[in-house]
Amino acid sequence: MKIAVIGQSLFGQEVYKQLRKDGHTIVGVFTIPDKDGKADPLATEAEKDGVAVFKFPRWRVKGQAIPEVVAQYEATGAELNVLPFCSQFIPMEVIDRPKHGSIIYHPSLLPRHRGASAINWTLIHGDKRGGFTVFWADDGLDTGPILLQRECDVECDDTVNTIYKRFLFPEGVKGTVDAVRLIAEGKAPRITQPQEGATYECIQKKDNAKIDWNQSAEVLHNWIRGNDKVPGAWAEVDGQKVTFYGSTLVDNGTAANGQPLEIPGASLPGIVTKAGLVLFGNDGKPLLVKNLQFEDGKMIAAAQYFRSGSSAAVELTEEERTFAEQMRAVWQSILSNVSHIEDSTDFFKSGAASMDVVRLVEEVKLRAGSCQLQNEDVYMNCTFRDFIQMCVRKLRGEDDEEELIVDYVEKNTNNMTIKMPHQLFINGEFVDAEGGKTYKTINPTDGTAICDVSLAQISDVDKAVAAAKEAFEEGEWGRMNPRDRGRLIYKLADLMEEHQEELATIEAIDSGAVYTLALKTHVGMSIQTFRYFAGWCDKIQGSTIPINQARPNRNLTFTKKEPIGVCAIVIPWNYPLMMLAWKTAACLSAGNTMVLKPAQVTPLTALKFAELAARAGLPKGVINILPGSGALVGQRMSDHPDVRKLGFTGSTEIGKHIMKSCAVSNVKKVSLELGGKSPLIIFADCDMDKAVRMGMSSVFFNKGENCIAAGRLFVEETIHDQFVKKVVDEIKKMKIGDPLDRSTDHGPQNHKAHLDKLVEYCQTGIKEGATLVCGGKQVQRPGFFFEPTVFSDVQDHMYIAIEESFGPVMILSTFKSGEVDDVLRRANATEYGLASGVFTRDISKALYVSEKLNAGTVFVNTYNKTDVASPFGGFKQSGFGKDLGKKNCCCCCCCVAVVRLLMHTCVLINILSFILYRKL
């Protein structure tokens, strides 16, 4: 079709581009005149394509169409007018002229919110549903028949900007183009707008945006967010107009500690806190405002109200003065109407608009890549002097970052005070779960509650995924140089090392891990993991591929390793921090963002990790931690369409369910580390003392709560009795007790349900006829302690020979001397294949057995010796995908193949020659 696009703005520009992609002929673009010498984005795009552009200041005079203007329009021969966003009054002579008439995009669900401030009023009225309408233009104000409507949820803290960016802009462009497609196909409906529910509100201007404080907190919140950015809700404070931005509703039970601020007309004084300005409705409930703007245009963080203007100016170095002059030239090019940029020049008072803010932010990135600005930084530093000071502070790493607010639970234990976050961590903030839901996390040493922890709901998962997606697609993390990303991960590892005793103590009281083991393995290996993968950040590379068409057509094919996007991670309770590290470090090193669900019974080290990640400087939204149930939170993560990969460690049964959900939802990539029943074969020619020591470690390490634990030991019958006697003698020496006691060898099982399963497991073994050599019972003391247990005479058909105990239970079977292949058959007769082991002095036998064992890891004359550089994962129903090692970096990337025709062969040869020279 021949289409005339009448409108303006980036929205109009995108609609124009998509219509051209659809094959329509744009016969004319009608937009507003240039402002301060700058063309509207729609005009700029059309002029670039050679499309006729008309910039009429007006279409009518005293209600009558201007004949010359109408004539120029008619000359285009348009068959349809598309008005994506238009601030001018278009006469009916133009509206009705085309064969197909005119269609208009309107950002509300008509007939609700007719008029020019529809998005504002959607929020001001607290609508739960919003959306847009594409309708047929008539002579009324947004009253024409409906062609197409699309809806979205309006979230409680949405602003005009967030709902526009999330839905109204991207989906509005698609919807407008879809409407044109329906017209072209002759399928476009004309649905008369109902009169019921029709509303019309006035244009929101500064004069009518004053806050009426005699209303509830929710109404105040809706008024402020509905006026956010333009025109801005305001009130008198300290004798001047102050405009409020960034409102959120907060929990009524949250204590607001700070300095009071008297606000005329308000039912209670506001409170300036570290998080912002807390305001109160006439119902006594609070809301929080993040930013304030004064009459002179200066914007500040609300938390800085009593400190505004107090920071001293920094003295610029020679290099910084050069940067300042470069930025002065940028300001001059943007503010072309200003003859000279002075230190006092105000960006916005000089005529800059929101598009100019975007350009300024991008110009800074070009000249100083490490200075990552947000649009808010420009609004809050609008004079040239303040802008340069802010940039220089950021370049020096001295900028006043928003302070992390943590509501700690503090405990004095293990000769220290540990400080534990207990709320969800979403988008760089600790927040309560939806509805304030909580649960108690239990100390397995005595069965008492440690603290209340926020219990995530489905809506919390959606918020966390949205934050991770935004951080990946639009945030600093997605634009960051890989080496800078590695630097942040190194910094995180350093902070974890600084807090290693605190982390180990939290791990001990929350999971029952013996403190010394927690310090060395749970925490120590976690730190090693982050350092290892920090080093991989700038080494994740693609390759060039020779292809048949390379000559004579000069085609080049190469691959790139790109981050996947939002990754969901679900971890178990046996190694809470270490499992987090194994899955998170590789994910971050590849440039992904993540939403992690720790095990519900062990959430505390994950939340402490979130605090340390924020303090290390990882941008908001990169890491999100959601304690909660697997059935609710884990399921939503599996189903969520914006999650692109899910990593899970846990039972085979749950792994199968997750794999199915991931396939049905959006065929997301999956890695699974599942159950195990790892065989350990001990030959008579072994080093007996070492075999006993390592054999015990293979079973009792970390109280048996170990995914690669030796679930079944095959001992050559000639040494069986000697082996059992030595094991029992060593068990008698083990100290069972408080995991914080440095002399303790064996702590409590992780939680009560697991303890009960171990008791039942051992009772089953006794009933089936296995010999209980020792243990098999709960220790009679407070807490969830279980005796180290040994079963002998275990036959292949028995339940305990087949199923994993995941506890301190040694399962012993014998095999006859010389029957190597038979014991291998028995060892491999399991649906699992995570780990295995062999003890023998015969190197040939060791190599033969290790080759024949079906497992992802085979230990020879040792056990439990994992390393961050070695890939870890299993076969069969133990899952697929690898943790650790270089392989895990690849698992966290997608491989993109690029094929291109080389137009300048000589240039390519020169580049290759240079590279080859450097390599030689």
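Just so it is clear, the structure is predicted and the values come from calculations on it, not from any experiment.

### Regarding the packing of aromatic side chains
Scanning the entire structure with this criterion turns up 28 aromatic pairs. Considering the side-chain rings of Tyr305 and Phe306, the 5.2 Å spacing of their centres and the 85 degrees angle between planes classify their relative orientation as edge-to-face. Overall, Phe306 belongs to the partly exposed group, its relative accessible area being 38%. A ring pair is formed by Trp582 and Phe872, whose centres lie 5.0 Å apart and whose planes are at 65 degrees; its orientation type is edge-to-face. You can see Trp582 sitting in helix H18 (residues 576–589) and its partner Phe872 sitting in the loop between strand E37 (857–860) and strand E38 (875–876), a full 290 residues away along the chain. Using a relative accessible area of 3% as the deciding quantity, one classes Trp582 as buried. Its relative accessible area of 3% is what places Phe872 among the buried residues. By way of ring pairs, the aromatic residues Phe11, Tyr105, Phe132, Tyr164, Phe167 and Phe169 are connected into one cluster. Just above the ring of Trp136 sits the side chain of Arg190; from NZ or CZ to the centre is 3.7 Å. Of note, Lys241 hangs over the ring of Trp234, and the distance from its end group to the ring centre comes to 4.4 Å.

### Quick notes on the layout of surface pockets
In this structure, the second largest pocket encloses a volume near 1400 Å³. Trp573, Gly650, Ser651, Ile654 and Lys757 are the residues nearest the centre of the second largest pocket, which is lined by 45 residues in total. Among the elements of the structure, helix H20 (630–639), strand E28 (643–649), helix H21 (652–666) and helix H24 (752–767) are those that each provide at least two residues to the lining of the second largest pocket. It is H24 that contributes the most residues to the lining of the second largest pocket, seven residues altogether. Residues belonging to the lining of the second largest pocket are distributed by class as follows: 19 nonpolar, 19 polar and seven charged.

### Quick word on the sheet that holds E37
The strands making up a sheet are joined through hydrogen bonds of the backbone, oriented either antiparallel or parallel. Reading across the sheet, the seven strands line up as E32-E33-E34-E31-E30-E36-E37 and stay open at both edges, with mixed pairing between neighbours. At either end of the open sheet lies a strand with only one pairing partner, and these are strand E32 (771–774) and E37. For this sheet, the mean inter-axis angle between neighbouring strands, taken without regard to orientation, is 20 degrees. Note: strand E30 (residues 678–682) against strand E36 (residues 835–839), three bridges, orientation parallel. The residue of E36 that forms the bridge with Ile682 is Phe839. Along the sheet, helix H22 (residues 688–700) contacts E30, strand E31 (710–716), strand E33 (789–792), strand E34 (809–815) and E36; its crossing angle with E34, the most-contacted strand, is approximately 130 degrees. Sheet strands in contact with helix H27 (residues 843–852) are E30, E36 and E37, and its direction is about 165 degrees off that of E37.

### Comments concerning the UniProt feature "active site" (unreviewed entry) in the chain
The UniProt record marks His106, Glu673 and Cys707 with the feature "active site" (unreviewed entry), using the residue numbering of this structure. Judged by maximum C-alpha separation, these annotated positions cover 602 residues in sequence and are scattered in space, the widest gap reaching 56.8 Å. Restricting the annotated residues to those that line the second largest pocket leaves Glu673 and Cys707. Mapping Glu673 onto the fold places it in strand E29 (residues 669–673).

### A look at the sheet that holds strand E6 (residues 80–83)
One open sheet holds the seven strands; their spatial order is E3-E2-E1-E6-E7-E8-E9, and the pairing between them is mixed. The open sheet has two edge strands, strand E3 (53–54) and strand E9 (146–153), and neither has a second partner. Packed on one face of the sheet, helix H1 (residues 9–21) meets strand E1 (2–6), strand E2 (25–30), E6 and strand E7 (102–106) and runs near 165 degrees to E2.

### Points about the nonpolar core
If you look at the biggest cluster of nonpolar residues, it comprises 99 residues, and the most contacted ones within it are Phe530, Ile682, Leu713, Phe723 and Met810. Looking at this core, the element that brings in the most residues is H18, giving 10 residues. Beyond its immediate chain neighbours, meaning those up to four positions away, Phe530 contacts Ile489, Leu492, Ala493, Met496, Leu580, Ala581, Thr584, Ala585, Leu588 and Phe609. Listed in part, the 33 residues of the second largest apolar core include Ile3, Val51, Cys152 and Leu168.

### Here's the deal with the pattern of salt bridges
Tallied over the entire structure, the rule returns 48 salt bridges. Close ionic contact of Asp127 with Arg112 constitutes a salt bridge, the shortest N to O distance being 3.0 Å. Of the two residues, Asp127 is situated in the loop between helix H5 (118–124) and strand E8 (129–136) and Arg112 in the loop between E7 and H5; the sequence distance between them amounts to 15 residues. A relative accessible area of 10% places Asp127 in the buried class. Arg112 gets classed as partly exposed once you look at its relative accessible area, which sits at 31%. What you see here is one network of salt bridges that share partners, running through Asp22, Arg150, Asp178 and Arg181.

### A look at the pairing of strand E14 (residues 277–280)
Burial along E14 is two-sided: Leu277 and Leu279 facing one way and Val278 and Phe280 facing the other are all buried. Pairing of strand E13 (residues 270–272) with E14 involves two bridges; the strand directions are antiparallel. The residue of E14 that forms the bridge with Ile271 is Val278. Connecting the antiparallel pair E13 and E14 is a turn made up of four residues, with Gly276 showing a positive phi of about 145 degrees. Summarising the sheet, E14 and strand E15 (residues 286–293) pair through four bridges and their orientation is antiparallel.

### Some details on the confidence of the model for the chain
A residue-level look at the chain finds 94% of positions with pLDDT of 70 or above and a mean pLDDT of 90. Contacts for the low-pLDDT stretch residues 903–920, under 50 throughout, to residues beyond four places or in other chains number two contacts.

### Side note on unusual backbone geometry
Cis rather than trans, the peptide bond between Leu110 and Pro111 has omega equal to 15 degrees. Within the secondary structure layout, Pro111 lies in the loop between E7 and H5. Within the chain, Asn414 stands out as a residue other than glycine whose phi angle is a positive 55 degrees. If you trace the backbone, Asn414 turns up in the loop between strand E17 (409–413) and strand E18 (416–420).

### Brief notes about the pairing of E6
The side-chain alternation of E6 yields two buried faces, one formed by Leu80 and Val82 and the other by Asn81 and Leu83. Alignment of E1 against E6, held across three bridges, turns out to be parallel. By the bridge assignment for E6, Ala4 is matched with Asn81. In terms of strand pairing, E6 meets E7 through three bridges, oriented parallel. Pairing of Val82 across the sheet is with Ile103, part of E7.

How each quantity is defined
- Residues numbered from 1 in each chain as written.
- Predicted model: local features only at pLDDT ≥ 70, side-chain atom pairs only at ≥ 80, totals over all residues.
- Heavy atoms only, no water.
- Phe/Tyr/Trp six-rings, centres within 6.5 Å; stacked < 30°, edge-to-face > 60°.
- Buried < 20%, exposed > 50% of the residue type's maximum accessible area, 1.4 Å probe, protein only.
- Helix = DSSP H or I, 4+ residues; strand = E, 2+ residues; numbered from the N terminus.
- Lys NZ or Arg CZ within 6 Å of the ring centre and 35° of its normal.
- 1 Å grid on protein atoms, 1.4 Å probe; cavity = no way out; pocket = protein on both sides within 12 Å on 5 of 7 lines; lining within 4 Å.
- Points joined across faces, edges and corners; volume = space filled by probe spheres on them.
- Nonpolar A, V, L, I, M, F, W, Y, C, P; charged D, E, K, R; others polar.
- Pairing = 2+ DSSP bridges.
- Axes fitted to C-alpha atoms, helices over the stretch in contact; angles between N-to-C directions.
- Contact = heavy atoms within 4.5 Å.
- UniProt positions renumbered as here; feature names shortened; annotations may be inferred.
- Core = buried A, V, L, I, M, F, W, Y, C linked by side-chain atoms within 4.5 Å.
- Salt bridge = Lys/Arg side-chain N within 4 Å of Asp/Glu carboxyl O.
- pLDDT = per-residue confidence, 0-100.

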